[in-house]
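Observations on the model geometry
Take a look at the letters that make up each chain.
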Amino acid sequence: MGDDSEWMKLPTEEKCTHKVWRARLTGYEEVTKLFNGITDEKSPEFSRYAGLLKKFVTDSNAVAQEKALDAVQVFVQNAAIANKTAGEVVSAVVAKCLNSSRQKTKEKGTEIIMLYIEIEKADVVQECLIQGLENKQPKIVVACVQCLRMALRDFSNKIMPIKPLMKFLPKLLEDRDKNVREETKLLVIEIHRWIGPALKPMMTNFKPVQVTEMEAEFEKQPKEKPHQQRFMKSQQDLKAKMEEQALEGGACADDDGGDGEDEVDAYEMLPEVDILSQLPKDYYDKVEAKKWQERKEVLEALQKLTDSPRIASGDYGSLVKTLIKVVGKDTNVMLVAAGAKCMAGLAKGLRKKYGPYALNTIQVILEKFKEKKQMVVVQLREAADAAFISTTLDAISEDLVAALENKNPSIKGESAYFLSRCFAKSTISTLPKKLLKLFCASLLKTCNDTAPEVRERSYEALGMAMKVVSEKHIVPFLVDVDAIKMQKIQECCQAAVLLNMYGEPRSGGAAAAAPKPKKEEPKPVQRPSTAPAKTASAASKPAASKGGPPRKKAPAKAAAKGKDKKGGAPDGSNEFTENALSDEAVEEKATAVLSAETVAQLSSSNWKERLASMEKIATTLKGLSRDEIPCQAVLRTVCKKPGLKDTNFQVLKIRVEVVGSLAKNAKFSRVSAEYCLSDLVDKAGDVKNGAAVQETLSCIAEALSLDFVGREVMKLASEQKNPKNNSECMNWLGNAIKEFGLKINAKPLVAQIKKSFGATNPAVRTSAINLVCVLYLYMGAAVRTFFEDEKAALLQQIDAEIEKVKGEKPPAPTRGPVTSTGGDEEDEDEEEGGEEGESNVADLIPRNDIGEKFTPEFMAEMADKNWKVRKESLEKVAAILNEAKFIKANLGPLPESIKLRLGDSNKVLVNMTIAICLTLAKNMGPHCKHHIRVIGPALISCLGDSKPALRAAAVGALNAWVDQCNLVPLVESEAILDALRLENPNLRQELLGWLTERLPNHKQLPPEFKQCTPLVLNCLEDRNGDVRKKAQEALLPFMIHVGFESMFKATSKMKPGSKDTIMALIEKAKANLPAKPQKAKKAAPPAKASTPESYDEPDTKPSRPLSTASQESVPESKPAASKTVRGKGKPAPATSKKKKEEEDVGPPMNTTVPKEQRFKDEKNMKVLKWNFIEIRGEYIEQLRTQMEKNFSKTMIDLLFHSDFKCHTKAIETLIKCLESQHDATMVNLDIILKWFTIRFFDTNPSMLNKALEYLRLLFTMLVEEDYHLAEYEATSFIPYLIIKVGDSKDGVRRDVRVLFKLLHKVYPASKTFSYLIDGLKSKNSKQRMECLEELGSLIEAYGITICQPSPGQALKTITGQIGNRDNGVRNAALNTTVVAHTILGDNLYKYTGALNDKDQDLLDERIKRSLKNRPAQSKAQEERPKTAPQQPQRSASQATIQRPGTAIPKSASSNSVKKYTIDQVEDVQTPEFPKLFQYDLDELFQPVKLPQIVNRNRPPSPSLRMAKSTDAATTISMVISQITSADITLCIQALAQIDEVLKEEGRAEVMGNHVDQLLLSMSMQMKMVYSTHMGSKSTPKDNVIRLYRCLFGTLLALFQNPSLAAKASKDILKDLIHNLVTILLDNRLAELDEGPQVIRSVNVMVVKIVEKADHTAVMSALITLLQDCVASEMCSGKFLELIMKCLWKIVRMLPEIINDMNLDCILLDIHTFLTTFPGPSWKSRPNDLPIRTIRTIIHTISKLQGAAILNHMATIDSNSELRTYLGKFLKTTEAQNGSMEEDSRAQRGSTQKQKRLTKNTHDMLAVIFKKIGSKENTKEGLNALYDFKKKYPDADLEPFLKKSSEFFQTYIERGLNTIEQEREGKQPTSNTGYIKSDIQVINNPTTTSETSEGPNDFLRRLKVLRARCGLDNIEEPNKTEMSKPDIEAPPPQETDNAVINDVPSTAPSTEDQPASTMSAADINELKMRLERIKRLANS
């Protein structure tokens, strides 16, 4: 190929690899064109060239290389497979292109590298470029640095991480090549552009000159923020956003780089330093040395180590303890400062990992702040600030509050200063209102301190808090601050600088969620002041601010948003505020809106004029917007005399309604409220208008706050002379609390209630008691403590009322703040953390401080040597605690003293101390957490006491303490770990038992808990049995917290002998391990940690149904948008139009994840099972995670929004999707139903009605689709639908009943029946009533067989409701029972059992009434239509109730069949249940045949439609379940149906998945017959025999089907054979007339099972059964013998079946047997037949398999006895094979001489051998073979014989010998056809009995043949013995020669037989009978 013409003809692929560079050049050009022309990125053309790209890049010709690079560029841009070539191509580019002298080549190579980054291979590219940095060629190094810099510049530090580059920079900066150094400097500058100051800590390895040079360059760089220039394929959306922002002129950061420099933390890039390994060896000794110089020496060494910026994690507990001791107790201030500095360095280096030690560190530092040396204080501040990084304000709040209350001014001042610094690092989410309120209360006290530095520090702390949470949120807690102090706080707020957690200034000063400051000049913060008094109580009413114009932007939020939810003062900063208007201003503004005439008529004496005027005002206000209504002016005009005291009730009603309308639709302020509240309270008890007044009060509460309105109303009501007004006001407040939630301060409310208790009017007292009950719903039993000092009679009344609501839960709030129509502030007020929504009762209870009572002298008494003194001191402690009741956390030195007394030698004192601990836990409540680290370990040590009573008391005290806090402090203090280390059996036993109870429901414990794992595993091998038992029980609870992997690793250190046992226990526990809930995603609300807390009322409570949509609705997109943004914990950005379009575009649902995958996840416990009583957050989070994959973002926001209106909108969208997205609805059906179960827990009626409407439409669609509800869908929906049927609203119950009717068409009614039965356990009487009515409807429609789990249990449950005290439940139970009586008649009482006299009388009366009124009941009823015609009374077995026509679905899959039958009748409208069957019992006497079941009055022959039905499986399962019924008739009917299916080949396959279920049910029924029916005198024995025959008939039909028989599993077969053999040995059967036939049937059945079942399964089952028999002392010898006979039969079958068997399984079972009963143990047993049987099995298998048997020993230990036995046999076999070779050669030689068969003779032999192989024609086949051999003496039979077993060959040989002797007139020499003799021949092939046959031989042969034919042997006295399975054999031979010779044969020997005394006539008669039986057997 020298010229161009040759290579030009080549294909492109070959051109590219041609040796001529021009050819390659042309090939590259063609490839480039080819790649550009391909539109499919997955085209196979790309795959053809993928392997050549490396050659392209490394082309040796520079010109061709450039073209090749063009082709590679196009390939990378267009090919999907390009990412697989990244590594080799980039490496080649680095090696061959970047060092090129051609600039274009370098540029193209660089571009290829950038393109690979664009296709998501940045990690590969960076790795290759870093490898290039180590290249020896400076050109390549320079180019690699350039590429890294360009990649970082274009793609940002998130795509190209900086950390991997840092270790190469020092080396590159010192490179000898100048270009490398210069390029590296540019790279460092680029890194600084992206991460800023975070780079400086990493420059420690640079030379000082380089650092100086770099810092100078950094200063020269522009300050603007870098932005990503190039984007990966996955970032195209980000690219579009940034382009859009660029077009709009905005330079805001994108989502990925939004935080700029703050996102990069230099700490994460620094290497970790392990300082524990570098500690001085004598550190712990010297740090406690007496000489301060030695202590200083080790602290200085430690300080050098802690200066490391990043410290490796480890166990620093001991180290921190030494530092705490130094800081807290060392007298040398220099060492204190050094210790604090070490603490600070350690905390900074560990950061969050310092968390376990932070609390103790801060505690000791706060105490040490009393130090006056400034040097020490500075170091203490630094240490405290560093420790705060790893903890939270909440964790240290108690310590800080205690420090602020300390007497030492230095401690107070420094604590306030520390708190100020903590606030600076906090955000609105980490400084919730609960903490803010706590700290503000303490800081307000220190603001009044006498020390000026304390006051200044307090102002700074409050100012910083104001900066964090904004003014409006802190003002409610600063009500009592005077103007001067408020001014100072404001000044501090303006000067405050917010920091991040690491002390660096933050951008912006306010919290993320706070609104932007207005451009107007700042308005001074004003406290609520008092308004001009107009009533007696006006002095307490807040009015408008005194200065400044009214707020322009004040949304009408409810005041409840601004107040503390735990009962704090109301917050007016979120309300509309205004000044009180003058009378002239009121008149002017009112006439501007209302006409002067209208205003004048309001004061008219004519009520009609006043009425007309009010109607005009009401009409006028409806037409005005919120901003147009001058609320105060209109309200004061309406309230103008006569105002709300109008004597005409019609006018008064309109006046009240107008006030309510103003509260809802206008800017309503507290100033307006004070003009109307007094008059409204005065009319609260009005007969005609009282309800309107109460509604108006609720509207005002929505506009302001329930706390404010409630307090004012209660105050005004207490001053009322009319007691009815007082009573109705309290009633209103009780209802308002239920509607709003407990958004009211409980303390003043309790005071008002106590005052009302003293009223003379009983109605007032009753209302007060009812109000206490309402508080009880929210506050629990703690509310009772507020009224302990009341009279006993009153307390008794309160307790009685509380008892009525005990167990109930507070209703979900239905009313809340009125939402505005716009404004920036609305977004931030939409939601709030869930923790703040609950009332903290502990804060409401007044507590006593008893710390001062425990003086040092007192504590000295507790430690006195005299036990009596100690006892007296303990009694004093108990008395103090009992007197104080509720106490604060301050206990002084008491906890340490209690700890000592818990270890007292006097057990009486220990008991007293434990009682004190129990009292402490109750009295302190949640404050126990401060002392559990001290007292908890001491209580645990008490568990080791020898006295059980003391241990039980200690457990009780421990439970009380842990209930108040949790186990975390005990784990962190290693108390549990230390206790388990002690080898005290009592301690271990009690502790493990206690942990077993506590751990399963406990929150996740810290990682330190894993240290307990090895100790728990050690306890599994403890010498004490109780400890081992408790440890085994504790495995699962421990595994829940430490995980399986941790336990698995812990076993690696255990001894091999114990490891296997423990691993088995761990694996067993793992199987019961519950599924872990999925972790919440960041974007999923409610995420408390990431969602900024709003200080207003969360928008979780739907507005009142009365509110109009135009007034209270929120813009549609706003809730979703704000919710999504908040879920990420970021402030809501301004959403662009394009973003909204992206959210709204696309269908609401898709089919991304199929429901089958979710079912699989739930089955494998990957997700939580949808089963709960109360909806919890993890379930909602899991459902949201599942729905996010298949629902659009907008839809998800609507579905999981807190506002019910969004839920309604989502349901409307789902309704539309029923038609537009039918397939998606079906795919997502399960999660849709789960979502509606959550909505069932909501109480908004409009949303609930919409939900039920959707469900009705959905189920209607499912019925039309013939859909069958899956089990996972049903179990997650039906129980909650049943809960909803008990709703208090009639409309809801009616809708749910409609759903029930539809549900029965898509889900089996029998399964729904079970759910309804469970629904009767509810406490809701309406639910029980509805469930009973539905049960009655089901029984009437489907018959009594619908009852689950059985008619008896179901009817007992139903009749148990007759005695219910609720009238509705009682009537429903009676009606349902009457329906059952209609079907069963008086047989009903057999199911229900005896009723008490009262219930029986009610039932009898109702039955009589129903009999009289039965004709009238045929009419359709309004609630539950009974379309099924009434049937005359009949027995249960003949019930043929016709199913209602309305319940018939379109196909059988809807499962509306009244009786669960497998038959599909042609006329579906009138199916009949099969009636009683009649059997021909004589058929049992026929040989071998089983009884034929004759069906009487059966339906016509069924078609095959049912086999194809999707509901067949459900129906079959239902019929099979009826087999286990105690009702024999019902069981026989079910068996008959199964039997018909099994006998039809086309339909039998539907049973494929039900074989085990069927066999198990039949086995259970056999066991029931044997144990119950056979011994019952009331059960006719004829029925028992019928049942046995039906069972065996069905079994035979099953095992005659090979495919079904093979599906029976091992365990099922084991149970089945066990029950069959048990029946076989039942002597009671022999006493019955037809018993012997049953025994023969069992005999045949056992043989069939052994022959037809899966051979592996049946053999494993028998071996396991044999093992159980040997192990059981109760097992009879007969039972054991029969099991062995079954095994012998399988042994004889092994040659034919061994290739189909799983020998691994068989050998494993044998190994288990030998392990349980080893060979030597049989020497002491009286019967060694079982072990010989097992050895025979081994011998036979190994003989057939040879050495290959060892391949099946993988699962068996190397030291197994089985291996030894097999090895011994195989050696013997090898020796025998050598001696047999010569014989085989000679035999083959003689065989070769035989004449070959012709085709004709071959066919003849095939027919003959086929006859011999069949049981029926064996004799005929042997005779034909004999004739054949006579005719063809030279014929070669070897090809036919070698295919059969040795036993079969011997059988044929003996058979031919017998025929020869018979034809020659001789007696046969062997017993033809008898299996025992067959075995004899096998055992002793060289010896054959030559004795003539005697009478006993004929008897024996006759016995065998009769048994084979299934006939009874009349002459044998023992019927049971001869009826055993025809599988008797001698003890099988064994491979061990010594054993074989000793094996006695069980075959009767002629020498052992007694002399015959029978006459010749008897012998002849026997011969004749024998011949007849032979003919019968052969026919």
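All residue numbers here refer to positions counted from 1 along the written sequence of the relevant chain. It should be noted that, the model being predicted, local features are given only for residues of pLDDT at least 70 and side-chain atom pairs only at 80 or more, the latter also being counted only at that level, while totals for whole chains, interfaces and linings use all residues. The side-chain numbers reported here are obtained from all heavy atoms of the structure, hydrogens and water having been left aside.

**Quick word on the overall build of the protein chain**
We apply this condition: Each helix corresponds to a stretch of at least 4 residues labelled H or I by DSSP, and each strand to a stretch of at least 2 residues labelled E; elements are numbered beginning at the N terminus. Only protein chains enter the calculation, and the probe is 1.4 Å; a residue is then buried if its accessible area is under 20% of its type maximum, exposed if over 50%, and partly exposed in between. Any two residues whose heavy atoms approach within 4.5 Å at even a single point are treated as in contact. Per-residue and other accessible areas were derived by the Shrake-Rupley procedure at a 1.4 Å probe size, with only the shown protein chains allowed to occlude residues.
Along the backbone of the protein chain there are 99 helices and zero strands. Here the protein chain holds 1979 residues, and 52% of them are scored as buried. Taking the contacts inside the protein chain whose residues are at least 6 apart along the sequence as the reference set, 75% of them involve residues at least 24 apart. Carbon together with sulfur atoms contributes 51% to the accessible area of the protein chain, which is approximately 91500 Å² in total.

**As for a nonpolar patch on the surface**
The criterion, for reference: Note that patches include only residues with greater than 30% relative accessible area and no salt bridge, and the join distances are 9 Å for like charges and 5 Å for nonpolar side chains (Val, Leu, Ile, Met, Phe, Trp, Tyr). By convention in these notes, a salt bridge is any Lys or Arg side-chain nitrogen within 4 Å of a carboxyl oxygen on Asp or Glu.
Among the surface-exposed residues, Trp 292, Met 334 and Met 375 lie close enough to one another that they form a single nonpolar patch of about 290 Å² accessible area. Along the chain, Met 375 turns up in helix 22 (residues 374-388). Assessed through its relative accessible area of 47%, Met 375 is described here as partly exposed.

**Remarks on the packing of helix 36 (residues 690-703) against helix 38 (residues 723-740)**
For clarity, the threshold we go by: Lines fitted to the C-alpha atoms define the axes, with helices restricted to the stretch that makes contact. Angles between their N-to-C directions range from 0 to 180 degrees. Oblique is the label for every angle not falling under 35 degrees (roughly parallel), over 145 degrees (roughly antiparallel), or within 65 to 115 degrees (roughly perpendicular). Each crossing is labelled by how the near helix is turned from the far one, with a counterclockwise turn of less than a right angle marking it left-handed and a clockwise turn marking it right-handed. Think of it as three bins: nonpolar holds Ala, Val, Leu, Ile, Met, Phe, Trp, Tyr, Cys and Pro, charged holds Asp, Glu, Lys and Arg, and polar takes everything else, Gly as well.
Where helix 36 meets helix 38, the axes come as close as 10 Å, and the angle between the chain directions of the two elements is 45°. Relative to helix 38, the element helix 36 is oriented oblique. Relative to helix 38, the crossing made by helix 36 is right-handed. In this structure, helix 36 uses Gln 694, Leu 697, Ser 698, Ala 701 and Glu 702 to contact helix 38, whose residues at the interface are Glu 728, Trp 732, Glu 739 and Phe 740. Among the residues making up the contact of helix 36 with helix 38, the classes are represented as four nonpolar, two polar and three charged.

**Regarding the nonpolar core**
Put simply, the rule is: Here the nonpolar core consists of buried residues drawn from Ala, Val, Leu, Ile, Met, Phe, Trp, Tyr and Cys, with membership extended through side-chain atoms lying within 4.5 Å.
Ranked by size, the top nonpolar core spans 103 residues in total, and within it Met 1551, Phe 1592, Leu 1595, Phe 1599, Leu 1620, Ile 1649 and Ile 1710 carry the most contacts. Broken down by element, this core gets its largest block of residues, 13 residues, from helix 87 (residues 1677-1697). Ranked by size, the runner-up nonpolar core spans 93 residues in total, among them Met 1247, Tyr 1267, Ala 1274 and Ile 1362.

**Digging into the pattern of salt bridges**
Within this structure, the stated rule accounts for 65 salt bridges. For the salt bridge of Asp 449 with Lys 412, the shortest nitrogen-to-oxygen distance reads 2.5 Å. With Asp 449 in the loop between helix 25 (433-446) and helix 26 (452-469) and Lys 412 in helix 24 (residues 409-424), this pair connects stretches of sequence that are 37 residues apart. The closest approach of N and O atoms between Asp 904 and Arg 870, which form a salt bridge, is 2.8 Å. With Asp 904 in the loop between helix 46 (894-901) and helix 47 (907-924) and Arg 870 in helix 45 (residues 867-884), this residue pair connects regions lying 34 residues apart in the sequence. Exposure class is identical for Asp 904 and Arg 870. Each is buried. Overlapping salt bridges bring together Glu 695, Glu 702, Glu 739 and Arg 815 as one network.

**Here we look at the packing of aromatic side chains**
We count it as follows: Centres within 6.5 Å make a pair out of two Phe, Tyr or Trp rings, where for Trp the six-membered ring is used; the pair is then stacked when the planes are under 30 degrees apart, edge-to-face when over 60, and tilted otherwise. Here, a charge over a ring is recorded when the distance from Lys NZ or Arg CZ to the ring centre is within 6 Å and its angle to the ring normal is within 35 degrees.
This model, assessed by the stated rule, comprises 27 aromatic pairs. Measuring from ring centre to ring centre gives 5.1 Å for Tyr 283 and Tyr 284, while their planes differ by 80°; the resulting arrangement is edge-to-face. Relative accessible area serves as the criterion here: at 37%, Tyr 284 is assigned to the partly exposed category. Ring geometry for Phe 1172 and Tyr 1179: centres 4.9 Å apart, planes at 50°, overall tilted. Across the pair, exposure class does not vary: Phe 1172 and Tyr 1179 are buried alike. A network of ring pairs unites the aromatic residues Trp 1170, Phe 1172, Tyr 1179, Phe 1241 and Tyr 1280 as a single cluster. We note Arg 1628 situated over the ring of Tyr 1570; from NZ or CZ to the ring centre the distance is 5.1 Å.

**Examining the environment of Trp 961**
Residue position: Trp 961 is located in helix 49 (residues 948-964). Owing to a relative accessible area of 1%, Trp 961 belongs among the buried residues under this scheme. The spacing of Trp 961 and His 927 is 34 residues in sequence and 9.9 Å in space, taken between C-alpha atoms. Apart from residues no more than four positions distant in its own chain, Trp 961 is found in contact with Cys 917, Leu 918, Leu 920, Ala 921, Met 924, Cys 928, His 931, Ile 932, Ile 935 and Leu 939.

**Some thoughts on helix 23 (residues 393-404)**
We apply this condition: Helix span is expected to be 1.5 Å times the residue number reduced by one.
In a regular helix each residue adds 1.5 Å, so twelve residues correspond to 16 Å; helix 23 covers only 14 Å between its end C-alpha atoms and thus falls short of that length. Buried-residue contacts for helix 23 involve helix 21 (355-368), helix 22, helix 24 and helix 25.

**Points about unusual backbone geometry**
Omega for the bond connecting Gln 1348 with Pro 1349 falls within 30 degrees of zero, at 0°, which places this linkage in the cis form. Positionally, Pro 1349 belongs in the loop between helix 71 (1325-1342) and helix 72 (1351-1359). Phi angles above zero are rare outside glycine, and Arg 351 is one such case at about 55°. Here Arg 351 is to be found in the loop between helix 20 (333-350) and helix 21.

**Here's the deal with the state of the cysteines**
In a disulfide, the sulfur atoms of two cysteines are held together by a covalent bond. To keep things clear, this is the line we draw: The definition used for a disulfide is geometric: two cysteine sulfur atoms within 2.5 Å.
Summed over the entire model, instances satisfying the criterion amount to zero disulfides. Cys 144 takes part in no disulfide bond, and the closest cysteine sulfur, belonging to Cys 147, lies 6.4 Å away. Judged by relative accessible area, Cys 144 falls into the buried class, the value being 0%.

**Some words on the confidence of the model for the protein chain**
For the record, the criterion: pLDDT expresses how confident the predictor is about each individual residue, on a scale running from 0 to 100.
On average, residues of the protein chain score 76 in pLDDT, and 77% of them reach the 70 mark or higher. Below a pLDDT of 50 lies the segment residues 818-839, which in the model reaches 86 contacts outside its immediate sequence neighbourhood of four places, other chains included. When the criterion is pLDDT under 50, residues 1415-1510 qualifies, and its contacts beyond four places in sequence or with other chains add up to 217 contacts.

**Topic: helix 73 (residues 1367-1384)**
To keep things clear, this is the line we draw: Each polar contact in these results corresponds to two N or O atoms within 3.5 Å; when the atoms are within protein, one needs to be able to donate a hydrogen and the other to accept it, and residues that are neighboring in sequence are counted only if both atoms are side-chain atoms.
Helix length check: helix 73 (18 residues) gives 25 Å between terminal C-alpha atoms against 26 Å at 1.5 Å per residue, within 8%. Counting buried positions along helix 73 yields 13 of 18 residues, so the element is predominantly enclosed. Backbone nitrogen of Gly 1368 and a side-chain oxygen of the N-cap are separated by 3.0 Å at the start of helix 73; the cap is Asp 1366. Downstream of helix 73 by a residue or two, Gly 1385 has a phi angle that is positive, lying close to 70°.

**Re the environment of Ser 91**
Relative to the assigned elements, Ser 91 resides in helix 7 (residues 86-96). What makes Ser 91 partly exposed here is its relative accessible area of 30%. Taking the C-alpha atoms as reference points, Ser 91 and Glu 127, separated by 36 residues in sequence, lie 9.3 Å from one another. At 2.9 Å, the side chain of Ser 91 forms a polar contact with the backbone oxygen of Gly 87.

**Side note on the environment of Asp 1611**
Examined against the element boundaries, Asp 1611 turns out to sit in helix 83 (residues 1610-1624). On the accessibility criterion, Asp 1611 (56% relative accessible area) is exposed. Separated by 51 residues in sequence, Asp 1611 and Leu 1560 place their C-alpha atoms 9.5 Å apart.

**Observations concerning the packing of helix 80 (residues 1555-1573) against helix 81 (residues 1581-1599)**
Think of two packed helices as two axes; the pair is described by the angle between the axes and how far apart they sit. Axis separation between helix 80 and helix 81 bottoms out at 11 Å; the angle between their running directions is 155°. As summarised for this structure, helix 80 and helix 81 are arranged roughly antiparallel, according to the angle between their axes. The crossing of helix 80 and helix 81 is left-handed. Residue-level inspection shows Val 1555, Leu 1558, Leu 1559, Met 1562, Gln 1565, Met 1566, Val 1569, Tyr 1570 and His 1573 of helix 80 in contact with helix 81, the latter providing Lys 1581, Val 1584, Leu 1587, Tyr 1588, Leu 1591, Phe 1592, Thr 1594, Leu 1595, Leu 1598 and Phe 1599. When grouped by side-chain class, the residues that make up the contact of helix 80 with helix 81 number 15 nonpolar, three polar and one charged.

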